[in-house]
Amino acid sequence: MFLAIRELKHGKLRFLMIGVITVLIAWLVFILSGLGNGLSTLSAATFKNMDASYVTFEEGSRSSMSRSLLSETLADQLEKEANVSAASAMGATMGTVRSNSNSNDNEKIDVAILGVEPGSFLEPKVIEGNPLQAKELVDVIANDTLKKKGLKIGDTLKIEGSLEKLRIAGFVKNETYNHLPAIFTSLDKWRAIQFAAPGSDKGIKKPVNAIMLQGDNIDAKKMNQHFNNTETVTKAEAIKGMPGYKEENGTITMMLAFLLAISAFVLGVFFYVLTLQKSNQFGILKAIGASNRFLGRAIVSQVFLLSFTSIAAGILLTYGTALILPDEMPFSLDPKLVILYALLLLVISILSSLVSVRKITKVDPLQAIGRVE
């Protein structure tokens, strides 16, 4: 460690350049991670937030709300199954709304209208205003991002293509569905919006898109055999069934994988070239008694200190970037992912330095002394 620190102080400019490259690589990795997590959250925040373990869809729907149509009465039957502590139905549809009291009456806002049973475990906690009331079908609770669109409690919303109206009773936080701010209403009101056209409910009594289940160790396979035309999956599988969710996450993951692979190559080349430039010095140190292990520890320690400092700087830059990004950009840093990618970058740097360590073992002390003379 002593030799590593002394060399870092001696070659400040050289190591500063390597440090800057490592900082930029780490910064890019964390930025991509934040964007990927932000897109993931924006796509399925409502599903991720809901206190459910399993979801029952219509058979053949491939875990997609838009392809599934079941009867709400099925929830009572599912609740009687083994290990199921609670069951509640849910419906989802996309819509465009416009507020009567909005300063810009022509502004249309795309939203996700979600039907839930008032007071059930699917209803999110309000941060402002009042929760849903079973007797007040017009009242809804909306994601707080709609405040930036000029909406406030008490505003009445017109739904494009429908005669139904909604009144904002409260606001919730971090509730988005399919990249759109969520508006929660009662199931009866949701059905009045979704199935306004005659026959659109396919003759199903009290139609819903899915039924959420609470409980541990639920046997989904057995439940599918017990109930005809159903497909019960875990919440994680239901999230993957969201439109575009797998594709978005797959793209970001592929980009991160390529970036980490390129980082390993770039850092490996940097440290290898640096070792080649110092082969004579290493040879002289070996001639006066320094072992390969001692020199190897010095290189690994040097790389560890340089990488650790650079990655920490990259993390600070990322959090600083997050503060100035516009609200419209879906950027969300997950501390667990930040730690994971920081460790990966650190491991990549150390593994890259081992290429240089191997080069040291092949340095001939006598040849090094002859070249110096």
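Residues numbered from 1 in each chain as written. Predicted model: local features only at pLDDT ≥ 70, side-chain atom pairs only at ≥ 80, totals over all residues. Heavy atoms only, no water.

Caption draft 1: Here's a closer look at the pairing of strand E3 (residues 86-99). Where burial is concerned, most of E3 is hidden: 11 out of the 14 residues are buried. By the bridge criterion, 5 bridges tie E3 to strand E12 (residues 210-214) in an arrangement that is antiparallel. Counterpart to Ala87 in the pairing with E12 is Leu213. As paired strands, E3 and strand E4 (residues 109-116) are joined by 8 bridges and run antiparallel to one another. When the bridges of E4 are listed, Met90 appears paired with Val116. Relative to strand E7 (residues 156-159), E3 runs antiparallel, the two sharing 3 bridges. The residue bridging Ser99 from the neighbouring strand is Leu157, located in E7. (Buried < 20%, exposed > 50% of the residue type's maximum accessible area, 1.4 Å probe, protein only. Helix = DSSP H or I, 4+ residues; strand = E, 2+ residues; numbered from the N terminus. Pairing = 2+ DSSP bridges.)

Caption draft 2: Molecular detail of the confidence of the model for the protein chain. Residue-level pLDDT values for the protein chain average 84, and 86% of them are 70 or greater. The secondary-structure element of the protein chain with the lowest mean pLDDT is helix H11 (residues 365-372), recorded at 51, while strand E11 (residues 207-208) shows the highest, at 96. (pLDDT = per-residue confidence, 0-100.)

Caption draft 3: Spotlight on the pattern of salt bridges. Under the criterion given, the structure shown has 10 salt bridges. Across the pair Lys152 and Asp155 runs a salt bridge whose closest N-O atoms are separated by 3.4 Å. Asp155 gets classed as buried once you look at its relative accessible area, which sits at 4%. The structure contains a network of salt bridges with shared partners spanning Glu72, Asp188 and Arg191. (Salt bridge = Lys/Arg side-chain N within 4 Å of Asp/Glu carboxyl O.)

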